[in-house]
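Given next are the chains, with one letter for each unit.
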Amino acid sequence: MSHKCDFSGEVVIVTGSARGIGRAIATRVAQHGAHVVVADILREESEATAGQISAAGFAASAYFVDIGQPTSVNDLMESVLERHGRIDALVNNAGLDAPRGKAWEIDEAHWRHVIEIDLNGAWWCSRAVLPAMVKQKKGRIIFISSLAARLGSKNHSPAYATAKAGLVGLTVSLSCQVEEFGILVNAITPGPTGNTGYPTADDVKRAYVLQQPLGFGGADPIADGVLYLLGQGGNWISGSVLNISGGLFRGF
């Protein structure tokens, strides 16, 4: 990516960017000059998000994608390459919000669905952009994992934590194989943001403040982290997991 977060002329795909964290990421990247691809399964909302970014004077386009379907993912990447001729970065943000479920209660369908979307979906997307990035000798891939990969929960499904931990393993293994082609791969593990596309209630914000020593951050700190990894700051970072949790989690 360009230095000093100037992404002029570059194409950045952000999956799951119709709302929530993805929308914040797409908006921030577009504000720094990139043409952002708002890729989501929510057609109308992705078009609205891309429209708002464009109306503000930045470059964005909306595309449909179902990350659980490799054919849909391949269609997205082919369409972007046909239109723009390049893919400079992929932010794997799309996924299921943490579903509730006790280990002894969840069934086979639940487990397979969560893993298919939250882990396999990010892999289908990453696999699909690799040929273009290898050819360019340049690219960046970011996985939006979760603190669930590092912290247990009495309420949330272990399938979700497993999928998000898998993204960390994918970050480490994939980065090792593609760095020689100028492709840098990293992950971010956000803490609770309360931002999944719906307004955050005041009582929920107060609960987050009690959990997070640095207070309620929302989606913006995650977008800032993506910007750092895509920009000059990320030029010497690969195979890394960036903890952005307002002090909720400490250490590696």
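Above this note sits the structure.
A.B. asks: So what exactly am I meant to see when it comes to unusual backbone geometry here?
C.D. replies: Residues apart from glycine generally show negative phi values, whereas peptide bonds are mostly found in trans. Although it is not a glycine, Lys 137 adopts a positive phi angle of roughly 60 degrees. Along the chain, Lys 137 turns up in the loop between α4 (108–136) and β5 (139–144).

A.B. asks: Explanation requested: the pairing of strand β2 (residues 35–40) in the structure shown.
C.D. replies: Extensive coverage of β2 is indicated by the burial of six of its six residues. In terms of strand pairing, strand β1 (residues 11–15) meets β2 through five bridges, oriented parallel. By the bridge assignment for β2, Val 14 is matched with Val 38. Regarding the hand of the β-α-β motif, the stretch spanning β1, helix α1 (residues 20–31) and β2 is right-handed. One ladder, built from six bridges, connects β2 with strand β3 (residues 59–64); its direction is parallel. By the bridge assignment for β3, Ala 39 is matched with Tyr 63. In this fold, the crossover linking β2 to β3 by way of helix α2 (residues 43–55) has right-handed handedness.

Cut-offs applied
Residues numbered from 1 in each chain as written. Predicted model: local features only at pLDDT ≥ 70, side-chain atom pairs only at ≥ 80, totals over all residues. Heavy atoms only, no water. Helix = DSSP H or I, 4+ residues; strand = E, 2+ residues; numbered from the N terminus. Buried < 20%, exposed > 50% of the residue type's maximum accessible area, 1.4 Å probe, protein only. Pairing = 2+ DSSP bridges. Right-handed = clockwise from strand over helix to strand, strands pointing away.

Keep in mind these values describe shape, not function.
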